[in-house]
Amino acid sequence: MMLTKTQPDEIQNYLSDASYLKGGHASRVVFPESAEDVARVLVEASQTKTQVTISGAGTGTVAGRVPFGGIVIATDRLNRIRSVTHEEGGGHAITEAGVRLIDLQRAADAERLLYPPDPTERSCFLGGNIATNASGARTFKYGPTRNYIERLKIALPTGDLIDLRRGDLHADDRLIRLPLSSGTVIEAQLPSYEMPRVRKHASGYYIKSGMDLIDLFIGSEGTLGVIVDAELKLIPKPEGLLSGVVFFADEDKLLSFVSEARERSLTMRDSSVSESNPKGLGVRALEYFDNQSLNFLRQKYNTVPEQAVGAIFFEQETTSSSEDSLMTEWLSLLETHKALTDQSWFATNEPDQAKLREFRHALPVLMNEWFAQHNQKKVSTDMAVPDEAFAGMLRFYQDSLRDGDLRYTIFGHIGDNHVHVNILPRNDDEANRAWEIYRTFIRRAVDVGGTISAEHGIGKLKREYLRELYGEEHLREMAALKRAFDPAGILGRGNIFGEEFLKPASPEG
Ligand SMILES: Cc1cc2nc3c(=O)[nH]c(=O)nc-3n(C[C@H](O)[C@H](O)[C@H](O)COP(=O)(O)OP(=O)(O)OC[C@H]3O[C@@H](n4cnc5c(N)ncnc54)[C@H](O)[C@@H]3O)c2cc1C
């Protein structure tokens, strides 16, 4: 018998997420333990037109798992790692959707394998990662979650179970045909928009002419089906790692450092550092902290140098033969760009590396706490822009925020032209100004060919900005695609599209 919880104090945790959006409510939370359990819940919900929201670990920042009526499918009990296997050049893991990322990372590590996606907050579930196409610091080298998904088992809103292996089913240009075991075939047109040409993108459905159908479900934010289990690609664990948090007293120098580290790494893509290319770096993470971010972190870390106005967290994979020469290269790069090398922090062993990662992780956590304590809605950007537009975008952020006399932090994935701006309003007047400025950021990102969400997704909080990116007509196309999978309109309501794009479902609960 499937565990079901209905008492308010028992289900409270499932009614919110890291967005701190208030008002979530549901009549019950069910805890399936198998694909068949999930299918049964969905069949009944479709018949009774009951809304269903899927819950992972609730670390999402855009209220994707926050229900407004109906029931919640919690994936906590789908938490088995079925296997981790070695193969030539890497390996595979088969896991259920409710496995925590950190548990999979540990299981892979024990086999000297690596699951590259690493979205900072490791308590998230793999199902949530796949549903948001999560990425993180290592995405600079390895790309987002999508690149590591080989097979998905999905329960569709109708209760049909599908098993999609990468390579098995492709769209015919923009027409998709998905045969179900019941004998029926789902047929639908893919939306006609082109996706922005950015290094990371998590805004609306992933669409490409002739695309692999598995990619439609990755990043679909709990609107097309419940991911039940997945087969993941693993890579050999790098032999060694050199990481650092390096501080700068001059922001222009910091940016020129990033530029050179990035350029030298991109030219090294797909090749290992070799004697013949001693200038190659192959860095896997390049993360930025502006001056205001350092001020926040100083609350917790009193060793952040006083004269520092910015910092970069980097990770560089090494081998026993490249370790020394890479260290020399990094030190020379730091000297060229006038880093505060003596006061910077470096790590070559796992415990020290974990401390540097913790420093990186502390900032979004401090930001989230700040918003919660000050009872302010989070004003936080997630835009990425094409390479040539990044320097201008960063200046635009800084100038607009200074002109608007607002407190803010800017930090994050600078290697991928994707930094998070958090505006910290102290009162409602500042909050209104913050939202006006936020909208100018969105417009600017769209104008320069960027995306409005590079990794956190649209959820319930960024729908109006998706309209700015794609326009009304393309949102209708997306909603029509959803209806092909979810004719009763029960699943993930409120995510990606507003109610105006969907048929009414009865808001039970
Ligand atoms: C401090 C902090 C730092 C973060 N840093 C990053 C970062 O660097 N990169 C990044 O990408 N994200 C980051 N995030 C956001 C978050 O961790 C990711 O979005 C994560 O992938 C969400 O996983 P979850 O299990 O918590 O999902 P939830 O929050 O529970 O759900 C997220 C969405 O996925 C859907 N969903 C969940 N499980 C399933 C399933 N099995 N099938 C179908 N749909 C499902 C939900 O309905 C919801 O729409 C950060 C969050 C925090 C709090």
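Residues numbered from 1 in each chain as written. Predicted model: local features only at pLDDT ≥ 70, side-chain atom pairs only at ≥ 80, totals over all residues.

Got a sec to walk through the overall build of the protein chain? Specific residues and values, please.
Secondary structure summary: the protein chain contains 14 helices and 19 strands in total. Compactness check: the protein chain gives a C-alpha radius of gyration of 23 Å against a globular reference of 23 Å for 509 residues, within 12% of the reference. Expressed as lengths along the three principal axes of its C-alpha atoms, the size of the protein chain is roughly 65 × 60 × 45 Å. Here the protein chain, with 509 residues, has 48% of them falling under the buried criterion. Across the protein chain, contacts joining residues at least 24 apart in sequence account for 71% of those joining residues at least 6 apart. (Helix = DSSP H or I, 4+ residues; strand = E, 2+ residues; numbered from the N terminus. Rg over C-alpha atoms; globule rule 2.2 N^0.38 Å. Buried ≥ 20, exposed ≤ 12 C-beta atoms within 10 Å, placed from the backbone. Contact = placed C-beta atoms within 7 Å.)

Requested: an account of the sheet that holds strand β14 (residues 283-289), with residues and values cited.
If you trace the seven strands from one edge of the open sheet to the other, you get β16-β13-β15-β14-β18-β19-β17, paired in antiparallel fashion. The outermost strands of the open sheet, each flanked by one partner alone, are β16 (345-347) and β17 (379-380). As judged from the six bridges shared by β14 and strand β15 (residues 310-318), these two strands associate in the antiparallel manner. By the bridge assignment for β15, Val283 is matched with Gln316. Sheet strands in contact with helix α7 (residues 251-266) are β13 (240-248), β14 and β15, and its direction is about 20° off that of β15. (Pairing = 2+ DSSP bridges. Axes fitted to C-alpha atoms, helices over the stretch in contact; angles between N-to-C directions.)

I'd like a description of the pairing of strand β12 (residues 226-236), backed by residues and values.
Relative to β12, strand β6 (residues 90-96) runs antiparallel, the two sharing six bridges. Bridge pairing in β12 links His92 to Lys233. Looking at chain direction, strand β7 (residues 113-114) and β12 are connected through two bridges and run antiparallel. Bridge pairing links Leu113 to Pro236 in β12.

Could you give me a rundown of the site of the ligand, with the residues and numbers involved?
Around the ligand sit 39 residues in total, of which Gly56, Gly60, Gly64, Gly127 and Gly128 are the nearest. At the level of elements, β3 (52-55), α4 (126-132), β12 and α10 (350-373) are the ones that each hand at least two residues to the shell around the ligand. Among the elements that line the shell around the ligand, the one with the most residues is α4, at five residues. Considered class by class, the residues forming the shell around the ligand number 13 nonpolar, 21 polar and five charged. Counting only domains with at least three residues in the shell around the ligand, you end up with domain 1 (3-76 + 479-501) and domain 2 (81-236). (Near = placed C-beta within 6 Å. Nonpolar A, V, L, I, M, F, W, Y, C, P; charged D, E, K, R; others polar. Domains from an automatic or database assignment.)

Please set out the environment of Gly282 residue by residue, giving values where relevant.
With respect to the helices, strands and loops of the structure, Gly282 is situated in the loop between α7 and β14. Classification of Gly282 by C-beta neighbours within 10 Å gives buried; the count is 22. Spatially, the C-alpha atom of Gly282 lies 19 Å from that of Asn349, the residues being 67 residues apart in sequence.

I'd like a description of the sheet that holds strand β4 (residues 71-74), backed by residues and values.
The sheet built from four strands is open, its strands ordered β1-β2-β4-β3 with mixed pairing. Whereas interior strands pair on both sides, the edge strands pair on one side only; in this sheet they are β1 (3-5) and β3. Within the sheet, the average angular offset between the axes of one strand and its neighbour, ignoring direction, is 25°. In this structure, strand β2 (residues 28-31) lies alongside β4, joined through three bridges in parallel fashion.

Explain the domain arrangement of the protein chain to me, using residue names and the numbers behind them.
When the parts come together, some accessible area is lost, and that loss is often what is quoted as the size of the interface. For the protein chain, the assigned domains are domain 1 (3-76 + 479-501) and domain 2 (81-236). Every contact between the two is made by 27 residues of domain 1 and, on the other side, 30 residues of domain 2. When contributions to the side of domain 1 that touches domain 2 are tallied by element, the ones reaching two or more residues are α2 (35-48), β3 and α14 (472-485). Ranked by residue count, the leading element in the side of domain 1 that touches domain 2 is α2, at six residues.

Now, about the nonpolar core: what can you tell me, with residues and values included?
Core analysis: the largest hydrophobic core is formed by 132 residues, its most contacted members being Ile73, Ile154, Ile227, Leu286, Ala311 and Ile312. Residue contributions to this core peak at six residues, all from β12. Residues from two domains meet in this core; each of domain 1 (3-76 + 479-501) and domain 2 (81-236) gives at least three. Sequence-distant contacts of Ile154, that is, excluding residues within four places in its chain, are made with Ile162, Leu164, Phe217, Gly225, Val226, Ile227 and Val228. (Core = buried A, V, L, I, M, F, W, Y, C linked by C-beta atoms within 7 Å.)

Could you give me a rundown of helix α12 (residues 428-447), with the residues and numbers involved?
With 20 residues, α12 should cover 28 Å at 1.5 Å per step; its first-to-last C-alpha distance of 29 Å lies within 8% of that length. Taken together, the buried residues of α12 touch β17, α11 (390-403), β19 (418-423) and α13 (463-470). Downstream of α12 by a residue or two, Gly449 has a phi angle that is positive, lying close to 85°. (Expected span 1.5 Å × (residues − 1).)

Describe helix α9 (residues 323-336), naming the residues involved and giving the relevant values.
When the terminal C-alpha atoms of α9 are compared, their 20 Å separation across 14 residues agrees well with the 20 Å that a helix rising 1.5 Å per residue should span. Of all the positions in α9, only Leu326, Trp330 and Leu334 are classed as buried. One face of α9 carries all of its buried residues, which in axial projection span an arc of 75°. Structural note: α9 exposes Asp324, Thr328, Ser332, Glu335 and Thr336 on the side pointing more than 90 degrees away from its buried face. Buried residues in α9 make contact with β13 and β15. Within two residues after α9, Lys338 carries a phi angle of roughly 55°, on the positive side. (Arc of directions from axis to C-beta.)

Which residues make up the environment of Phe31, and what are the values?
Of note, Phe31 is situated in strand β2. Here Phe31 falls in the partly exposed class, since 19 other C-beta atoms lie within 10 Å of it.

Tell me about the pairing of strand β18 (residues 408-413), residues and numbers included.
Each regular strand carries side chains that alternate between the two faces of the sheet. Burial runs high along β18: six of the six residues are buried. As paired strands, β14 and β18 are joined by two bridges and run antiparallel to one another. Note that in β18 the partner of Phe289 across the bridge is Phe411. As defined by bridge partners, β18 adjoins β19 across six bridges and the pair is classed as antiparallel.

Give me unusual backbone geometry: which residues, what numbers.
The phi torsion at Thr120 lies on the positive side, around 60°, for a residue other than glycine. Checked against the element boundaries, Thr120 lands in the loop between β7 and α4. Phi is positive for Asn133, which is not a glycine, with a value near 45°. You can see Asn133 is positioned in the loop between α4 and α5 (139-142). Given 26 C-beta atoms within a 10 Å radius, Asn133 is considered buried.

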